[in-house]
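# Chains, contacts and geometry: an overview
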Amino acid sequence: MIVRKLRIEKGLSQEQLAHMAGISTRTLQRIERGANASPETLKCIASALDTDFGDLRKEQDMPSASNGILPELSGGEQEAMEYVRDIRSFYMNLIQYAVVITALAVLNLLTSPGYLWFLWVAFGFGIGLVAHGLSVFEVINPFGGDWEKRQIKKRLRQRQ
């Protein structure tokens, strides 16, 4: 996990770091997900990141977090990464919308150009996409910033 943090701090893509370290991108992806790496691989990565091999080696010896949260990141860093993931998710939905609606438009125009039924799908899918965008970019936040914290506290109290 520290490899990912250091890579992001240096502004490198996985491909760039893998090339600099002389390893495959797939190997780097596995290491960033918590897989163990050989000392030689860690030395190559440490050299490419200009960091101490011992720091990377210590992380290999530590148990990894099973909940998917990066324990080495501060609260602000975790929040920023979650925000970036949300934005990526929105853009992926936007691309899916464009591809699906374009395909349906072509299909509609080829089969029954007199009735533009694909517009109904575009409208329905579009409403969901707009709602997702408003939520991700925090234009409209119906639950407020503390809603999630209140819900977590409520659930924890119920379990006690």
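Residues numbered from 1 in each chain as written. Predicted model: local features only at pLDDT ≥ 70, side-chain atom pairs only at ≥ 80, totals over all residues. Heavy atoms only, no water.

## Some thoughts on the overall build of the protein chain
Short version of the rule: Strands here are runs of E lasting at least two residues and helices are runs of H or I lasting at least four, both read from the DSSP assignment and numbered beginning at the N terminus. Residue burial is assigned from relative accessible area. The probe radius is 1.4 Å, only protein chains are included, and a residue is buried under 20% of its type maximum, exposed over 50%, and partly exposed in between. Whether two residues are in contact is decided by their heavy atoms, any of which lying within 4.5 Å being enough. Only the protein chains shown count as cover for residues, and the accessible areas themselves come from Shrake-Rupley with a 1.4 Å probe.
The secondary structure content of the protein chain amounts to eight helices and zero strands. Put simply, the protein chain runs from its N terminus to its C terminus through helices and strands in the order α-α-α-α-α-α-α-α. Across the 160 residues in the protein chain, those meeting the buried criterion constitute 24%. At a minimum sequence separation of 6, the contacts of the protein chain that also span at least 24 residues come to 52%. On the protein chain, roughly 11,200 Å² of surface is accessible, and the fraction owed to carbon and sulfur atoms is 59%.

## Notes on the side chain of Thr-41
With respect to the secondary-structure elements, Thr-41 resides in helix 4 (residues 39–49). Discounting chain neighbours no more than four positions away, the residues touching Thr-41 are Ile-23, Thr-27 and Ile-31.

## What about the side chain of Arg-7?
Under the convention used in this document: The term polar contact refers here to a pair of N or O atoms within 3.5 Å; inside protein, the definition further demands a hydrogen-donor-capable atom paired with an acceptor-capable atom, and it admits residues adjacent in sequence only when both atoms are side-chain atoms.
Following the sequence through the fold, Arg-7 ends up in helix 1 (residues 2–9). In this structure Arg-7 comes out as buried when scored by relative accessible area, which is 9%. Here Leu-12 takes part through its backbone oxygen, which lies 3.0 Å from a polar atom of the side chain of Arg-7. Ignoring sequence-local partners within four residues, the contact set of Arg-7 consists of Leu-12, Ser-13, Gln-14, Leu-17, Leu-28, Glu-32 and Leu-49.

## As for the packing of aromatic side chains
Rules: Here the aromatic set is Phe, Tyr and Trp, taking the six-membered ring for Trp, and pairing holds for ring centres within 6.5 Å; pairs whose planes are under 30 degrees apart are stacked, those over 60 apart are edge-to-face, and all others are tilted.
Considering all chains together, one arrives at four aromatic pairs under this definition. Ring geometry for Phe-90 and Phe-137: centres 5.5 Å apart, planes at 85 degrees, overall edge-to-face. Of the two residues, Phe-90 is situated in helix 6 (residues 75–111) and Phe-137 in the loop between helix 7 (118–136) and helix 8 (147–159); the sequence distance between them amounts to 47 residues. Judged by relative accessible area, which is 11%, Phe-90 ranks as buried.

## A word on the nonpolar core
How we decide: The set of buried Ala, Val, Leu, Ile, Met, Phe, Trp, Tyr and Cys residues whose side-chain atoms join them within 4.5 Å is what this entry labels a nonpolar core.
Val-3, Leu-17, Ile-23, Leu-28, Ile-45, Leu-49 and Leu-56 are the most contacted members of the largest nonpolar core, which has 16 residues in total. If you tally residues by element for this core, the top one is helix 4, at five residues. Core analysis: the second largest hydrophobic core is formed by five residues, Ile-101, Ala-105, Phe-118 and Ala-122 among them.

## Considering a nonpolar patch on the surface
Just so we agree on the cut-off: Patch membership requires more than 30% relative accessible area and the absence of a salt bridge. Residues of like charge join within 9 Å; the nonpolar side chains Val, Leu, Ile, Met, Phe, Trp and Tyr join within 5 Å. In the sections that follow, a salt bridge refers to a side-chain nitrogen of Lys or Arg positioned within 4 Å of a carboxyl oxygen of Asp or Glu.
A cluster of nonpolar side chains, contributed by Tyr-83, Val-84, Tyr-91, Leu-94, Phe-137, Val-139 and Ile-140, occupies part of the molecular surface with about 630 Å² of accessible area. Locating Val-139 in the fold gives a position in the loop between helix 7 and helix 8.

## Description of helix 4
Given 3.6 residues to a turn, an α-helix orients residues that are three or four positions apart in the same direction. Our working rule: The arc in question is the one spanned by the directions pointing from the helix axis to the C-beta atoms.
Looking at helix 4, one finds that the buried residues are Thr-41, Leu-42, Ile-45, Ala-46, Ala-48 and Leu-49. Down the axis of helix 4, the smallest arc covering the buried residues is 165 degrees, so these residues share one side. Within helix 4, the exposed residues directed more than 90 degrees away from the buried face are Glu-40 and Ser-47. Within two residues after helix 4, Asp-50 carries a phi angle of roughly 55 degrees, on the positive side.

## Quick look at the confidence of the model for the protein chain
Low-confidence regions, as indicated by low pLDDT, have predicted coordinates that should not be scrutinised in detail. Defined as follows: Summary of the metric used: pLDDT quantifies the predictor's per-residue confidence within the range 0 to 100.
Of all residues in the protein chain, 82% have pLDDT values of 70 or greater, and the mean over the chain is 82. Averaged pLDDT values for the elements of the protein chain fall to 73 in helix 5 (residues 53–61) and rise to 93 in helix 7. When the criterion is pLDDT under 50, residues 64–70 qualifies, and its contacts beyond four places in sequence or with other chains add up to five contacts.

## Some thoughts on the environment of Gly-34
Mapped onto the secondary structure, Gly-34 falls in the loop between helix 3 (25–32) and helix 4. With relative accessibility at 35%, the residue Gly-34 sits in the partly exposed group.

## Remarks on the packing of helix 1 against helix 3
A pair of packed helices can be characterised by two numbers: the angle between their axes and the separation between those axes. As a reminder, the rule being used: Fitted lines through C-alpha atoms give the axes, limited to the stretch in contact for helices. The angle between two N-to-C directions lies from 0 to 180 degrees.
Between helix 1 and helix 3, the least distance of the axes is 7 Å, while the angle of their chain directions is 115 degrees. Where helix 1 abuts helix 3, its residues Val-3, Arg-4 and Arg-7 lie against Leu-28, Ile-31 and Glu-32.

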